[in-house]
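# Descriptive analysis of the structure
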Amino acid sequence: MSLLDPDSRTTRAAAVARSFAKRHGVPPQVVGVAPGRVNLIGEHTDYNAGLCLPVALPHATFAAVRPTGDQTLRISSAQQVEPWVGSLDDLGPGAGGGSGSWAAYVAGVVWALGQAGLGAPGLDIHVDSTVPLGAGLSSSAALECAVAVAVTSVLGVELDTVTRQRLVVACVRAETEVARAPTGGMDQTVAMLAQPGTALLIDFREDCTQAVPLHLGESGHALLVTDTRVSHALTDGSYGNRRAECRAAAQALGVPTLRQATLADVEALADPVLRARARHVVTEIDRVQQAVAALEAGDWTRVGTLMDASHRSMRDDFEISCTELDLAVAAAVRAGARGARMTGGGFGGSSVALVPRDRLAAVTASIDAAFTDAGYAVASHLLAVPSGGAGLEHPAPG
Ligand code: GLA
């Protein structure tokens, strides 16, 4: 069994600081760190004013930052060949290469922070990441949040809860207005507010969060994430299309968002596609509530059953799964996972399985064998050890 296990934050931050120093001849002032995420349950509910229950990963993105002394913004990445160079005066929608470009997420954050009254000086920013890219594990939110906390530190602003909430808003603006990915806010919220050992219950109608203890270790469970290697992009239109269908369903029902709709309302919708999309959202919000109750009661069988139901709902009603994801989920359950589902935006990306620890090797072997038999690319696995949200590292020079 091979599992992708990241370096500790401190070790990796020190390495990123060394790369920065090599590139710029001086050490960074600070390194911001923010995690990727896996969503336990509650998919495509955030932009419907619903509930979701993501977990921050130990895999994270690092942003080493230092003021340049002028208006220049220089952005480089260990994962990219070419740096992006621009001026603070030219930031705004489309900056950093615009839609889908990696640098747009970084330039977008600097712009959005300025819009929020946190205007930064010119900066050298060097980023590196252990979050798998294009795997539906929110590498983009991790990038935005790492940059946001680092810039905030450069400005001398304390990283308290109120600031973190402001940063969530700025990062969402960077993603939707500059990188032009119509994200719903779950990823930035968990990257900024997660606490170790817990999942984060996010209520998008009430605009509040609650840490839900997971007790995975004590109960002998692990969360296994499998990257199917079917790459997904939030900018390709499919995600935006589902958002539009949800809006249309809410409009047909005469409610502001699908959070206000009941299952009975939804079943009366005339259009079969809108009916199925809305059914997923309404039942998924209910499943999140039930999952929180099951976790509080230590009822792992129930949590697994809810994950299975969530996957079926995404496969059949929301239609955002794919054959690789369906196979990973089926193979995991067959080998003893308590439940499994696709996670994230869909149309590729990763699955998450709740696995008794003594079945971990069997479950990964079952998925690998199923993928080999089907002739699919080799999937990669990681353990979602519930981690904390964004923070700062101050690596010693040298
Ligand atoms: C992506 C988006 C999130 C959320 C999920 C689906 O990860 O960035 O806002 O909508 O898809 O739950």
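### Observations regarding the packing of aromatic side chains
What the rule picks out here adds up to 2 aromatic pairs. Ring plane angle 70 degrees and centroid distance 5.7 Å describe the contact between Tyr47 and Tyr239, whose orientation is recorded as edge-to-face. Linking Tyr47 in the loop between β2 (30-39) and β3 (51-52) with Tyr239 in helix α6 (residues 238-253), this pair joins segments that are 192 residues apart in sequence. This pair shows no difference in class: Tyr47 is buried, exactly as Tyr239 is.

### Side note on the side chain of Asp187
Tracing the backbone through its elements, the reader meets Asp187 in helix α5 (residues 186-193). A polar side-chain atom of Asp187 sits 2.8 Å from a polar atom in the side chain of Arg37. With sequence-adjacent residues up to four places away left out, Asp187 is seen in contact with Arg37, Ser138 and Ala141.

### A closer look at the domain arrangement of the chain
Many analyses report the size of an interface as the accessible area lost when the parts associate. In terms of domain boundaries, the chain breaks down into domain 1 (3-211 + 386-393) and domain 2 (214-383). Placing the centre of domain 1 and that of domain 2 at their C-alpha centroids yields a distance of 25 Å. Between domain 1 and domain 2, the residue contacts involve 45 residues of the former and 49 residues of the latter. Across the domain 1 to domain 2 interface the summed buried area is about 3,500 Å²; carbon plus sulfur atoms make up 67%. Two residues, Arg259 and Asp203, come together in a salt bridge whose shortest N-O distance is 3.0 Å. Our enumeration of links across domain 1 and domain 2 arrives at 17 residue pairs in polar contact (both at pLDDT 80 or more).

### Some thoughts on the site of the ligand
Around the ligand, 14 residues are found, and the nearest of them are Glu43, His44, Asp46, Asp187 and Tyr239. Asp187 has a polar side-chain atom sitting 2.6 Å from an oxygen atom of the ligand. Residue classes in the shell around the ligand are distributed as 4 nonpolar, 6 polar and 4 charged. Each of two domains, domain 1 (3-211 + 386-393) and domain 2 (214-383), supplies a minimum of three residues to the shell around the ligand.

### A short note on the sheet that holds strand β9 (residues 208-213)
Read from one edge of the open sheet, 3 strands run β3-β8-β9, paired in antiparallel fashion. Only two strands of the sheet have a single neighbouring strand rather than two, namely β3 and β9. Pairing between strand β8 (residues 198-203) and β9: 6 bridges, direction antiparallel. Bridging from a neighbouring strand, Leu201 pairs with Gln210 of β9. Running at roughly 135 degrees to β8, α5 makes contact with β3, β8 and β9 of the sheet.

### Side note on helix α10 (residues 323-334)
Taking 1.5 Å of rise per residue, the 12 residues of α10 would be expected to cover 16 Å, and the 16 Å separating its terminal C-alpha atoms lies within 8% of that figure. Turning to α10, its buried residues are Glu324, Leu325, Ala328, Val329, Ala331 and Ala332. Projected down its long axis, α10 shows its buried positions confined to an angular sector of 165 degrees, all on one face. Projecting away from the buried face of α10 at angles above 90 degrees are the exposed residues Thr323 and Arg334. Of the residues one or two after α10, Gly336 is the one with positive phi, at around 115 degrees.

About the criteria used
- What you see as residue numbers is a count from 1 along each chain, following the sequence as written.
- Only residues with pLDDT of at least 70 are given local features in this predicted model, and only at 80 or more are side-chain atom pairs given and counted; all residues enter the totals for whole chains, interfaces and linings.
- Based on all heavy atoms of the structure, the side-chain values leave hydrogens and waters out of the count.
- Paired rings are identified among Phe, Tyr and Trp, the last through its six-membered ring, by centres lying within 6.5 Å, and are further divided according to the angle between planes into stacked (under 30 degrees), edge-to-face (over 60) and tilted (the rest).
- Each helix is a run of DSSP H or I of at least 4 residues and each strand a run of E of at least 2, with the numbering of both proceeding from the N terminus.
- Throughout this description, buried means an accessible area under 20% of the type-specific maximum (1.4 Å probe, protein chains only), exposed means over 50%, and partly exposed covers the range between.
- Here a polar contact is taken to be a pair of N or O atoms separated by no more than 3.5 Å, where protein atoms must pair a possible hydrogen donor with a possible acceptor and residues adjacent in sequence count only if both atoms sit in side chains.
- The contact definition used throughout considers only heavy atoms, calling two residues in contact when any of these lie within 4.5 Å.
- For the domains described, the bounds stem from an automatic or database domain assignment.
- When two components associate, each loses some accessible surface as probed by a 1.4 Å sphere; the sum of these losses over both components is called the buried area.
- Between Lys or Arg on one side and Asp or Glu on the other, a salt bridge is scored when a side-chain nitrogen of the former is within 4 Å of a carboxyl oxygen of the latter.
- Proximity is defined per residue: any heavy atom of the residue falling within 4 Å of a molecule or strand makes that residue near it.
- Charged residues are taken to be Asp, Glu, Lys and Arg, nonpolar residues to be Ala, Val, Leu, Ile, Met, Phe, Trp, Tyr, Cys and Pro, and polar residues to be all remaining types, Gly included.
- Two strands qualify as a pair provided DSSP detects at least 2 bridges between them.
- Lines fitted to C-alpha atoms define the axes, with helix axes restricted to the stretch in contact, and inter-axis angles between N-to-C directions lie between 0 and 180 degrees.
- Every helix has an expected span of 1.5 Å times one less than the residues it contains.
- For this quantity, the arc is that covered by the directions from the helix axis to the C-beta atoms.

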